[in-house]
Amino acid sequence: MASELCKTISVARLEKHKNLFLNYRNLHHFPLELLKDEGLQYLERLYMKRNSLTTLPENLAQKLPNLVELYLHSNNIVVVPEAIGSLVKLQCLDLSDNALEIVCPEIGRLRALRHLRLANNQLQFLPPEVGDLKELQTLDISTNRLLTLPERLHLCLSLQYLTVDRNRLWCVPRHLCQLPSLNELSMAGNRLAFLPLDTPHPHPKVTTQTCIYHFLVEMEPVPVLTPYQVIARMMQSMLVVNEDLGRSRELQYVYVDNNIHLKGLPSYLYNKVIGCSGCGAPIQVSEVKLLSFSSGQLTVFLPAEVKAIGTEHDHVLPLQELAMRSLYHTYHSFLKDLNFLSPISLPRSLLELLHCPLGHCHRCSEPMFTIVYPKLFPLRETPMAGLHQGRTTVSFVAYCCSTQCLQTFDLLS
């Protein structure tokens, strides 16, 4: 077997092969023949599936500098070594079905990486450096032990397919709503009780006229105003245009099957292909320590960031919500840079909300920060009921910004 392996590698070196298949070789160590002398300078694809490798050599990038695809599916690798970060041309890395417990931060140096598969391992977290993978299109981290996802994942602006099935997720960072290219999101078999209020959307577009300008120009001399009146006038004068917020055309497939605590699906999913079998199982509200909203016999849980629930009788927004909406529009339209604000001017929690609002109104796309006006539409009462044939009891939830939007929202339109 050893002589046959050496012959295979030697032929690949002499004939300058671009592909090398070393699957099912019962390898316990990385073949020294691959690393001898100058290595295989022309090799672009290396297949080493179904072996017993436990680690990778530190000089892998030096000996295989042009490697584009590396397939290590079904080995016994425990740690992704720092050396992996030196494979600067790598576009596809498959480490599924190993024993991975740690992914090193250096993986963020793989700036050409497009496909990363880490399914069926023992990962409890991902390094934040994953967010540096600007070209990443596919990320499969299903069947691990993840409790949450790194917030910097939203910086992977090319990400199209995200699979996080069969983990231990109890929430999804709302920052993921900033992924503009996401086409398929699969989170089946987790512990989710709610989904983000938004759908992935592009950054807001604004008119060249600023709200500050209109506020100052249109305001006639008046007696001294209270802070509440100033905010109200600014809200009336805002001419910012948010296009397509919460209306992503890219996101088409969402799978959240077998999240038993999940009872509500944001209304923006109504026209998507969704999988929600096994969701909405009967449980006591006290079992999940989240704010909940009830309508008749239906109850849904809301994201932890929601501080208050508005009703059709609450015509006046809380002062903090008015202030946050004013600041958001002001800095997005006038300064176009929220980094201008500092923790000295606002608490960090409010700064984070300004950078990434709780959600956008499903009726008019107005940003929301502390309060939402929810409206339930049981799935069984929609035309989609026949597709699910009683396998789920979830409802669609419209999250609105005001009583007016709450009263005029129509799911079917």
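A. Looking closely at the overall build of the protein. Per the secondary structure count, the protein includes nine helices and 20 strands. Counting all 413 residues of the protein, 53% fall into the buried class. At a minimum sequence separation of 6, the contacts of the protein that also span at least 24 residues come to 52%. Of the roughly 19800 Å² of accessible surface on the protein, a fraction of 53% belongs to carbon and sulfur atoms.

B. Main features of the sheet that holds strand E19 (residues 371-378). Within the open sheet, the four strands sit side by side as E12-E20-E19-E16. Their pairing is mixed. Looking at which strands have only one partner, the edges of the open sheet turn out to be strand E12 (264-266) and strand E16 (308-309).

C. Representation of the packing of aromatic side chains within the structure. What the rule picks out here adds up to five aromatic pairs. Taking 4.5 Å as the distance between ring centres and 10° as the angle between the ring planes, the aromatic pair formed by Phe21 and Tyr47 counts as stacked. Of this pair, Phe21 sits in strand E1 (residues 19-21) while Tyr47 sits in strand E2 (residues 45-47), and the two are 26 residues apart along the sequence. Note on Tyr47: relative accessible area 15%, which makes it buried. On the basis of an interplanar angle of 55° and a centroid distance of 5.8 Å, the ring pair of Phe377 and Phe409 is categorised as tilted.

D. Inspection of the sheet that holds strand E9 (residues 161-163) at higher detail. The sheet built from 10 strands is open, its strands ordered E1-E2-E3-E5-E7-E8-E9-E10-E11-E13 with parallel pairing. A single partner strand is all that each edge strand has here, and the edge strands are E1 and strand E13 (273-275). For this sheet, the mean angle separating the axes of adjacent strands, direction not counted, is 5°. Strand direction decides the pairing type here: strand E10 (residues 184-186) and strand E11 (residues 253-255), joined by three bridges, are parallel.

E. Representation of the side chain of Asp94 in the model. Note on placement: Asp94 falls in strand E5 (residues 92-94). For the buried residue Asp94, which engages in no salt bridge, the nearest side chain bearing the opposite charge is Lys49, 5.2 Å off. Here Ser96 takes part through its side chain, which lies 2.9 Å from a polar atom of the side chain of Asp94.

F. Just the state of the cysteines, in detail. Summed over all chains, the structure comprises zero disulfides. Residue Cys400 stays outside any disulfide, its sulfur separated by 4.6 Å from that of Cys361, the closest cysteine.

Parameters at a glance
Residues numbered from 1 in each chain as written. Predicted model: local features only at pLDDT ≥ 70, side-chain atom pairs only at ≥ 80, totals over all residues. Heavy atoms only, no water. Helix = DSSP H or I, 4+ residues; strand = E, 2+ residues; numbered from the N terminus. Buried < 20%, exposed > 50% of the residue type's maximum accessible area, 1.4 Å probe, protein only. Contact = heavy atoms within 4.5 Å. Areas by Shrake-Rupley, 256 points an atom, 1.4 Å probe, with all protein chains shown as cover. Pairing = 2+ DSSP bridges. Phe/Tyr/Trp six-rings, centres within 6.5 Å; stacked < 30°, edge-to-face > 60°. Axes fitted to C-alpha atoms, helices over the stretch in contact; angles between N-to-C directions. Lys, Arg positive; Asp, Glu negative; His and termini not counted. Salt bridge = Lys/Arg side-chain N within 4 Å of Asp/Glu carboxyl O. Polar contact = N/O pair within 3.5 Å; in protein donor to acceptor, adjacent residues only side chain to side chain. Disulfide = S-S within 2.5 Å.

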